[in-house]
Amino acid sequence: MKVTFLGTGTSQGVPVIACGCEVCTSADPRDKRLRSSIMVSSPAGNIVVDTTPDFRYQMLRAKVQHLEAVLITHSHKDHIAGMDDIRAFNYFQQSPIDIYATDFSQNVIMREFAYAFADYKYPGIPEINLKMLEDEPFAVNGLTVTPIQVMHYKMPVTGFRFHDFTYITDANFIAPEEKDKIRGSKILVVNALRKEKHISHFTLDEAIALGRELEIPQVYFTHISHQLGRHADVSKELPEGMALAYDGLTLDI
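Model, not experiment: these values are computed from the prediction.

(A) A look at the side chain of Asp54. Looking at the element boundaries, Asp54 is found in the loop between β3 (45-49) and α1 (55-61). A polar contact is formed between the side chain of Asp54 and the side chain of Arg35, at a distance of 2.7 Å. Apart from residues no more than four positions distant in its own chain, Asp54 is found in contact with Leu34 and Arg35.

Shown next, in the form of structure tokens:
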């Protein structure tokens, strides 16, 4: 199994429009962050977690030629806005794409992309096969996927565990029973927005504490804002076994 970080930025991405801070003007390519998404690849194909507003460019940049499924963490715009661009895969694969989402997220998707679900479908629209995402583990591309419910302030968000790898984005609270689903992972990816307290995201210190509590050997931080600081500077402050993810990072698991 291979994991590719397609994007590691927060909802505005990095650099932020019109911002002249030291992070947004950094020449370090690791400080250029598209909206957060990963791709999980196996011999059976590719699974993308979230279709961000940058989905088209993410697919081009990673040279993705085939897509088997999409998993949606939640329905905020920075996680679903690029869904229209799956129509390129529809065209070349001559098949709809399975989209796994909760009932709440499905309702938002059907509202935001109503034309894809109309009785009369205009030629060339995305072909989406919505599949219900519930609490029980399920199989995609020969991989067992375990949903993990976390809270993004008052909004439920779904994290995903793929065997020894767990991906959590947009969270600031995880219930004890959901933490138990993460325990035993060899790699955890979790959001770390900035150092200052935030209403709906883990801070860097909170994300570090979570990794320590769950005794995860390797932790990567994602959904990073320009407020966190430059990649090179923050990396020097991190404990052993913890690192900032960056766009284009790949993990062989």
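(B) Geometry of the packing of aromatic side chains. Under the counting rule described, the total for this entry stands at seven aromatic pairs. Between Phe5 and Tyr220, the aromatic rings sit 6.2 Å apart at their centres with planes inclined by 55°, giving tilted as the arrangement. Remark: Tyr220 occurs in strand β12 (residues 218-222) and Phe5 occurs in strand β1 (residues 2-7); sequence separation between them is 215 residues. The structure contains a cluster of three or more aromatic residues connected by ring pairs, namely Phe160, Phe162 and Phe165.

(C) Summary view of unusual backbone geometry. For the peptide bond that leads from Val14 to Pro15, omega is 5°, which places it in the cis range. Positioned with a positive phi, Asp50 is a non-glycine residue whose angle comes to about 75°. Position of Asp50 among the secondary structure elements: in the loop between β3 and α1. Backbone geometry at Asn141 places phi at a positive 55°, although glycine is not the residue there. Looking at where Asn141 falls in the secondary structure, it is placed in the loop between β7 (138-140) and β8 (143-152).

Calculation notes
- Residue numbering note: each chain is counted from 1, following its sequence as written.
- Per-residue local features of the predicted model are confined to residues with pLDDT of at least 70, and side-chain atom pairs are confined, for both listing and counting, to 80 or more; whole-chain, interface and lining totals are unaffected and use all residues.
- Values reported for side chains reflect all heavy atoms of the structure, with hydrogen atoms and water molecules removed beforehand.
- By definition, any uninterrupted DSSP run of H or I lasting at least four residues is a helix, any uninterrupted run of E lasting at least two residues is a strand, and each is numbered from the N terminus.
- Counted as a polar contact is a pair of N or O atoms within 3.5 Å, where, for protein atoms, one must be capable of donating a hydrogen and the other of accepting one, and residues adjacent in sequence contribute only when both atoms are in side chains.
- In this description, contact between two residues means that some pair of their heavy atoms is separated by no more than 4.5 Å.
- Only Phe, Tyr and Trp rings take part, Trp by its six-membered ring, and two of them pair if their centres are within 6.5 Å. Stacked means planes under 30 degrees apart, edge-to-face means over 60, and tilted covers everything else.

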